[in-house]
Amino acid sequence: MSNIPERTKCLIIGSGPAGYTAGIYAARADLKPILYQGLQPGGQLTITTEVENFPGYPDGITGPEMMEDLKKQCERFGTDVRWGIVTEVDFSERPYRVKADDGKEILAETVIISTGATAKWLGLESEKKFNGYGVSACATCDGFFYRGKEVAVVGGGDTAAEEATYLANLCSKVYLIHRRDELRASKAMQHRVFRTPNIEMVWNSVPREIVGGQTVDGVIIQDVNTGEERRLDVEGFFVAIGHKPNTELFKDVLDMDELGYLITKPDSTATNIPGVFAAGDVQDKTYRQAVTAAGTGCMAAIEAERFLGELI
């Protein structure tokens, strides 16, 4: 294999709505981008069943199908979409030097990072079994499917409180399961939870097993003090214990907050290193939606094009 590095005007690290949209815009700007899809090609939406809130799909679409559509559109304009992951980055000088697990080394004039974030899970086998069939990590994405039904949310921070109050507007009842006897959420979020009549707190409890046939119809919980187990009859189970941004590769290289999300400049996708941009959930801990990720992917590609234009 040749040791001569490849050169590109734009390298996109990661796929999903952000990465693929960045590829569409960068390719149309004649940047001839190279895109490495990462460990989970297509991102979190590839483990989502129905997507009904993305514009342009009036009848809904499955997550994998939508990601395949975006990938095809990305490739149609000339993005070089590749299997594999980026294993090493050197942003000390331009062109930026990047290595991938296929053995290739790339010199990139600009880099767009869209490595996303990964939902934290409880680690139950039944959680994996019913993922997409009653188990979810996103109330905003999937809450609509449980309108008028009883559901459970597990967690005790702001994420869990937000998910529970959002679901309470749709569902007949929401059980909020927490392993302690008080929430970790901010006082404002706690007040919202406690003021919502159809949220029932389940204190000092942990889920032991999610049960059902084809889909979820209950969860077995255990009291952490007594060891006593009981069943909650629910049709939806939402895990809300946070997300972990996929930013290990950029530690001590790019500015990030205390949770590991990349910090971008206001009204921009620019990071602290000129010519390096971040799009999607890797820099968004607020919205975490496919449509907002796609929007920042568009922004990143436009900013990369403008950055290169200003160098001429």
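Here is a short report on the structure shown in this document.

## A look at the overall build of the protein chain
A count of helical and extended segments in the protein chain gives 7 helices and 19 strands. Whereas a compact globule of 312 residues would reach a radius of gyration of roughly 20 Å, the protein chain reaches 21 Å, a difference of no more than 12%. Principal-axis analysis of the C-alpha atoms places the extent of the protein chain at approximately 65 × 40 × 35 Å. Taken across its 312 residues, the protein chain has 52% of its residues classed as buried. The long-range share in the protein chain, meaning contacts at least 24 apart out of those at least 6 apart in sequence, stands at 59%. Separation between the mean location of the 33 positive side-chain charges and that of the 45 negative ones in the protein chain comes to 2 Å.

## Describing the packing of aromatic side chains
Throughout the structure, instances matching the rule amount to 7 aromatic pairs. On the basis of an interplanar angle of 70° and a centroid distance of 5.3 Å, the ring pair of Phe 91 and Tyr 96 is categorised as edge-to-face. The buried category is assigned to Phe 91, whose relative accessible area is 7%. Since its relative accessible area comes to 3%, Tyr 96 is described here as buried. Relative to Phe 238, the ring of Tyr 146 lies with its centre 5.5 Å away and its plane at 80°, an arrangement referred to as edge-to-face. Residue Tyr 146 is located in the loop between α4 (139–142) and β11 (150–154), and its partner Phe 238 is located in strand β17 (residues 236–239); the two are separated by 92 residues in the primary sequence.

## Observations regarding the sheet that holds strand β16 (residues 229–232)
The strand order across the open sheet formed by 3 strands is β14-β15-β16, and the pairing between neighbours is antiparallel. Here the strands that pair on one side only, and so sit at the sheet edges, are β14 (205–212) and β16. When the angles between neighbouring strand axes are averaged without regard to direction, this sheet yields 25°. Note: strand β15 (residues 216–223) against β16, 4 bridges, orientation antiparallel. Residue pairing for β16: Ile 221 is matched across the bridge by Arg 230.

## Some points on the layout of surface pockets
If you add up the space inside the second largest pocket, you get close to 260 Å³. For the second largest pocket, the lining is made up of 14 residues, of which Leu 122, Val 154, Arg 179, Val 206 and Ile 241 are closest to its centre. Sort the elements by how many residues they give to the lining of the second largest pocket and β14 lands first, with 4 residues. Its residues assigned to classes, the lining of the second largest pocket shows 7 nonpolar, 4 polar and 3 charged.

## What about unusual backbone geometry?
With an omega dihedral of -5°, the bond running from Arg 94 to Pro 95 counts as a cis peptide bond. With respect to the helices and strands, Pro 95 occurs in the loop between β6 (86–90) and β7 (96–100). With a phi angle near 65°, Asp 252 is a residue other than glycine that sits in the positive phi range. Assignment of secondary structure puts Asp 252 in the loop between β18 (243–245) and β19 (276–278). Take Asp 252: its relative accessible area is 77%, and that puts it in the exposed class.

## Remarks on the environment of Glu 125
By the element assignment, Glu 125 lies in helix α3 (residues 125–129). Under the relative-accessibility criterion, Glu 125 is labelled exposed at 59%. Put simply, Glu 125 and Asn 225 are 100 residues apart on the chain and 23 Å apart in space, counted from C-alpha to C-alpha.

## Remarks on the state of the cysteines
The tally for this structure, following the rule as stated, stands at 1 disulfide. The residue that forms a disulfide with Cys 138 is Cys 141, at a sulfur-sulfur distance of 2.2 Å. Taking the torsion about the S-S bond as the criterion, the Cys 138 to Cys 141 disulfide, at about 70°, is right-handed. We classify Cys 141 as partly exposed; its relative accessible area is 25%.

## Section: the sheet that holds strand β12 (residues 173–177)
One open sheet holds the 5 strands; their spatial order is β10-β17-β11-β12-β13, and the pairing between them is parallel. Among the strands making up the open sheet, the edge pair consists of β10 (135–136) and β13 (199–202). By the bridge criterion, 2 bridges tie β10 to β17 in an arrangement that is parallel. If you follow Ser 136 over to β17, its bridge partner there is Phe 238.

The rules we used
- Residues numbered from 1 in each chain as written.
- Predicted model: local features only at pLDDT ≥ 70, side-chain atom pairs only at ≥ 80, totals over all residues.
- Heavy atoms only, no water.
- Helix = DSSP H or I, 4+ residues; strand = E, 2+ residues; numbered from the N terminus.
- Rg over C-alpha atoms; globule rule 2.2 N^0.38 Å.
- Buried < 20%, exposed > 50% of the residue type's maximum accessible area, 1.4 Å probe, protein only.
- Contact = heavy atoms within 4.5 Å.
- Lys, Arg positive; Asp, Glu negative; His and termini not counted.
- Charge placed at Lys NZ, Arg CZ, Asp CG, Glu CD.
- Phe/Tyr/Trp six-rings, centres within 6.5 Å; stacked < 30°, edge-to-face > 60°.
- Pairing = 2+ DSSP bridges.
- Axes fitted to C-alpha atoms, helices over the stretch in contact; angles between N-to-C directions.
- 1 Å grid on protein atoms, 1.4 Å probe; cavity = no way out; pocket = protein on both sides within 12 Å on 5 of 7 lines; lining within 4 Å.
- Points joined across faces, edges and corners; volume = space filled by probe spheres on them.
- Nonpolar A, V, L, I, M, F, W, Y, C, P; charged D, E, K, R; others polar.
- Disulfide = S-S within 2.5 Å.

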